[in-house]
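Summary of the model geometry
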Amino acid sequence: MAKRITVVVSQGQSANPAKRELEEALVGALLMERGVDVTVIPHLYDMAPGSTGMLCMEGISGDMVILSWLYPRGAHWSLDRNGIKGHFGETLLKGAADDDDDDDEESASAAEEDADDKQRVGPRDLPDRKIYHLHLMQHAKPEPYLEEIRRIVAEANVQTVNLLGWIQGTPKPEQMDRYLNPGANNVNGNGNGALSSEVESPQGPAQDAGAAPTDLSAEPVRVEETPARRWYPVIDYSRCTNCMECIDFCLFGVYGVDGAETILVEQPDNCRKGCPACSRVCPENAIIFPQHKTPAIAGSPDANAGGLKIDLSQLFGAPSAIEVAAQERDGELVAAGRDAVGLTVGIPKRQSGKQQEPKDELDNLMDQLDDLGL
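Below, the structure is looked at part by part.

How each quantity is defined
- Residues numbered from 1 in each chain as written.
- Predicted model: local features only at pLDDT ≥ 70, side-chain atom pairs only at ≥ 80, totals over all residues.
- Heavy atoms only, no water.
- Core = buried A, V, L, I, M, F, W, Y, C linked by side-chain atoms within 4.5 Å.
- Buried < 20%, exposed > 50% of the residue type's maximum accessible area, 1.4 Å probe, protein only.
- Contact = heavy atoms within 4.5 Å.
- Pairing = 2+ DSSP bridges.
- Helix = DSSP H or I, 4+ residues; strand = E, 2+ residues; numbered from the N terminus.
- Axes fitted to C-alpha atoms, helices over the stretch in contact; angles between N-to-C directions.
- Phe/Tyr/Trp six-rings, centres within 6.5 Å; stacked < 30°, edge-to-face > 60°.
- Lys NZ or Arg CZ within 6 Å of the ring centre and 35° of its normal.
- Lys, Arg positive; Asp, Glu negative; His and termini not counted.
- Salt bridge = Lys/Arg side-chain N within 4 Å of Asp/Glu carboxyl O.

Attention now moves to the nonpolar core. Core analysis: the largest hydrophobic core is formed by 47 residues, its most contacted members being Leu44, Met57, Met64, Ile66, Tyr255 and Ile263. When near neighbours in sequence (up to four residues on either side) are disregarded, methionine 57 contacts Val8, Ile41, Met47, Met64, Ile66, Leu79 and Ile84. By size, the runner-up hydrophobic cluster in this structure holds 24 residues, among which are Ile5, Leu30, Val38 and Leu93.

Structure, rendered in structure tokens:
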């Protein structure tokens, strides 16, 4: 039997007609695909532990494809914090502007590789499955998403074919062809529809490619629930170094530590709505607020963009990231009836005690700008 993958469509928080049209178009098309089970849930970031939606997600044991309006990092670690774990599946889907950013992404990857000597918390207790994330902001039409889902399902089943070949002997060429070229073997015979027929298994022959489909979903699984909108930080443990600067900085009791002394978001609903200050002070860009309007804070692949812009803006006298974070925190403290603390509490001391180095060209440029009095 061919391997089945559950595709989860996470609905947007708003009733935007264009968004709902895309979601429902995807659900309708996915119901016609082989090897796919379809589940529709509320916005995954809003679902609380123990909710119907989260219990539904916990019941999915195999590979998953998540279609959501969140950046993949934000979606993945939002699920991880609720116990929905898996290896981060690699996807090939690109948005319209992604091709122009390839050089930037390669530079960012190189920078991350250079920083790999740091001790990071890393993902823990991962089951043997993959979770793929497709960002619904990348395309306005369903076709690119459907093509990528077909590729993912076909790739998973090539692995199944290879496993059967290892057990039974070399797979037949026609079996490999069906899975390597899924678009050419759909049930309608037009090369554009459902995935290829199943692999011949030890229990019997595969279903004929021209036969009527027998494994198409009649209806999706729908979670009929409307959770309240939430706001809380999500930790990307693949980046986190457990430096504890966030727990020192946050004064609202959001963060805590587990039995292994690892940082965690202990009281997510203590977070002040709209405040991303702790994300700004994180030295590794490991804290994500998936709903924030700034891509770098919301989990964009270019996680260093926000910090770079703030650092460059200092040339023109703008506040630093730490100062912005302190101002945001003070605003929330005052709103909660508490006193502002400014830069006196929980500010990172990463630069304290650092040996003074000789000035370089950038330092000299800064001195010249200061002399101009701009």
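This paragraph deals with the sheet that holds strand E6 (residues 221-222). The 6 strands are arranged E4-E5-E3-E1-E2-E6 in an open sheet whose pairing can be described as parallel. Across the chains shown, the open sheet's two edge strands, defined by having one partner strand only, are strand E4 (87-88) and E6. Pairing of strand E2 (residues 36-41) with E6, which is carried by 2 bridges, proceeds in the parallel orientation. Bridge pairing in E6 places threonine 39 opposite valine 221. Across the sheet, helix H1 (residues 17-30) is in contact with strand E1 (5-10), E2, strand E3 (64-68) and E6; its angle to E1 comes to roughly 160°. Each of E3, E4 and strand E5 (130-135) is contacted by helix H3 (residues 72-81), which is oriented at about 140° to E5, the strand it contacts most.

Relative to the helices and strands, proline 72 resides in helix H3. On a C-alpha basis, the gap between proline 72 and phenylalanine 88 in space is 9.2 Å, while along the polypeptide they are 16 residues apart. With sequence-adjacent residues up to four places away left out, proline 72 is seen in contact with Phe88, His133 and His135.

This paragraph deals with the packing of aromatic side chains. With the rule as written, the count across this model stands at 3 aromatic pairs. Ring centres of tryptophan 231 and phenylalanine 289 lie 5.1 Å apart, and the angle between their planes is 20°; this geometry places the pair in the stacked category. Here tryptophan 231, found in the loop between E6 and strand E7 (234-235), pairs with phenylalanine 289, found in the loop between strand E10 (287-288) and helix H9 (295-298); they are 58 residues apart in sequence, far enough to count as distant. Each member of the pair, tryptophan 231 as well as phenylalanine 289, carries the same accessibility label: buried. For the cation-ring pair, lysine 19 lies above tryptophan 69, with the distance from its terminal atom to the ring centre recorded as 4.9 Å.

A few words on H3. For H3, the buried fraction is high: 8 of the 10 residues fall into the buried class. Those residues of H3 lying buried are Arg73, Gly74, Ala75, His76, Trp77, Ser78, Leu79 and Asp80. Phi turns positive, to about 85°, at glycine 83, one or two residues after H3.

Let us now look at the side chain of aspartate 46. Structurally, aspartate 46 can be placed in the loop between E2 and helix H2 (52-58). For the buried aspartate 46, no salt bridge is present, and the opposite-charge side chain at shortest range is arginine 229, 5.4 Å distant. The residues contacting aspartate 46, other than those within four sequence positions of it, are Gln13, Pro227, Ala228, Arg229 and Arg230.

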